Amino acid sequence: MSEGTIHKQLKIVAMAYLKKHCIDIVSCETKFRNLKSISDVCGLNLKRKEVRVIECKASLKDYLRDTKLFNLEKSYFFHCNYFYIMCPKDIIPKDKVLKEFGLIYVNEDNSITVIQKPKKNKKLKTRFETTLKNSCRSITNDLIFKFYKCQDCVKDFY
């Protein structure tokens, strides 16, 4: 399934939001192998060794289809210190989001409103260093394969 325009825009807003809020490294499409899942946006604070994950949802249907977001044990919550759902304004009602998750609305002008603050998780299942490695790998892949479109120039290395 290809990624839609709204979802892409939400990821850009999510990256800017995390970067603005004391985050040193921000990546898209970061793998959490022990969860067998890929986060939309991941941010790391190196000094505090904190991980924040934002899952972007373009529609209520998109949100409801992602069943791992309704079970705390299967969600990203235990793989990061703070977990957020980001969506266009008024798409996902607050009462449909677990109380441990943050909920952020993106307004038409790309400004944000925090509807619900996330609860801090102190019991990570994924080591900080593992998330750091996977985030750096994601950033490198973006640079090589997406931004510079160099598949032909690096095919001999894989």
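Note: the structure precedes this text.
This report concerns the structure included in the present document. Fair warning: this is a prediction, and the values are worked out from it, not measured in the lab.

**Here we look at the packing of aromatic side chains**
Each aromatic ring pair is characterised by the separation of its centres together with the angle its planes make. Here the structure, examined in full by the defined rule, presents 7 aromatic pairs. Summarising the aromatic geometry, the rings of Phe77 and Phe78 are spaced 5.1 Å apart at their centres and angled 80 degrees between planes, so their arrangement reads as edge-to-face. What makes Phe78 buried here is its relative accessible area of 16%. Of the aromatic side chains, those joined through ring pairs into one cluster are Phe32, Tyr76, Phe77, Phe78, Phe83 and Phe101.

**With respect to the sheet that holds strand β2 (residues 37-45)**
Read from one edge to the other, the open sheet built from 6 strands follows the order β1-β2-β3-β4-β5-β6, with strand pairing classed as mixed. Two strands close off the open sheet at either side, each with one partner strand: β1 (25-32) and β6 (112-116). On average, each strand axis in the sheet is inclined to that of its neighbour by 30 degrees, with strand direction left out of account. The sheet contact formed by strand β3 (residues 50-56) and strand β4 (residues 82-88) spans 5 bridges and is parallel. Looking at β4, one finds that Cys56 is bridged to Met86.

**Details of the environment of Lys19**
Inspection of the secondary structure puts Lys19 in helix α1 (residues 5-20). Judged by relative accessible area, Lys19 falls into the partly exposed class, the value being 47%. For the pair Lys19 and Gly43, spaced 24 residues apart in the sequence, the C-alpha separation amounts to 7.5 Å. Ignoring any residue separated from it by four or fewer positions in sequence, one finds Lys19 in contact with Asp24 and Val26. A distance of 3.2 Å separates a polar atom in the side chain of Lys19 from the backbone oxygen of Asp24.

**Side note on the environment of Gln116**
Take Gln116: it is sitting in strand β6. Taking C-alpha positions, Gln116 is 9.2 Å from Glu100, a pair spaced 16 residues apart along the chain. Look past the residues within four positions of Gln116 in its chain and what remains in contact with it is Lys94, Val97, Leu98, Lys99, Phe101, Gly102 and Leu103. Separated by 3.0 Å, the side chain of Gln116 and the backbone oxygen of Leu98 make a polar contact.

**Describing the nonpolar core**
By size, the foremost hydrophobic cluster in this structure holds 22 residues, and its most contacted members are Val51, Val53, Phe83, Ile85 and Val97. Contributions of two or more residues to this core are made by β1, β2, β3, β4 and β5 (102-106). By residue number, the principal contributor to this core is β4, which donates 3 residues. Sequence-distant contacts of Val51, that is, excluding residues within four places in its chain, are made with Cys42, Gly43, Leu44, His79, Cys80, Asn81, Tyr82, Phe128 and Thr131. Formed by 16 residues, the second largest nonpolar core is a distinct cluster that contains Val13, Tyr17, Ile54 and Met86.

Thresholds, definitions, all that
- Residues numbered from 1 in each chain as written.
- Predicted model: local features only at pLDDT ≥ 70, side-chain atom pairs only at ≥ 80, totals over all residues.
- Heavy atoms only, no water.
- Phe/Tyr/Trp six-rings, centres within 6.5 Å; stacked < 30°, edge-to-face > 60°.
- Buried < 20%, exposed > 50% of the residue type's maximum accessible area, 1.4 Å probe, protein only.
- Pairing = 2+ DSSP bridges.
- Helix = DSSP H or I, 4+ residues; strand = E, 2+ residues; numbered from the N terminus.
- Axes fitted to C-alpha atoms, helices over the stretch in contact; angles between N-to-C directions.
- Contact = heavy atoms within 4.5 Å.
- Polar contact = N/O pair within 3.5 Å; in protein donor to acceptor, adjacent residues only side chain to side chain.
- Core = buried A, V, L, I, M, F, W, Y, C linked by side-chain atoms within 4.5 Å.

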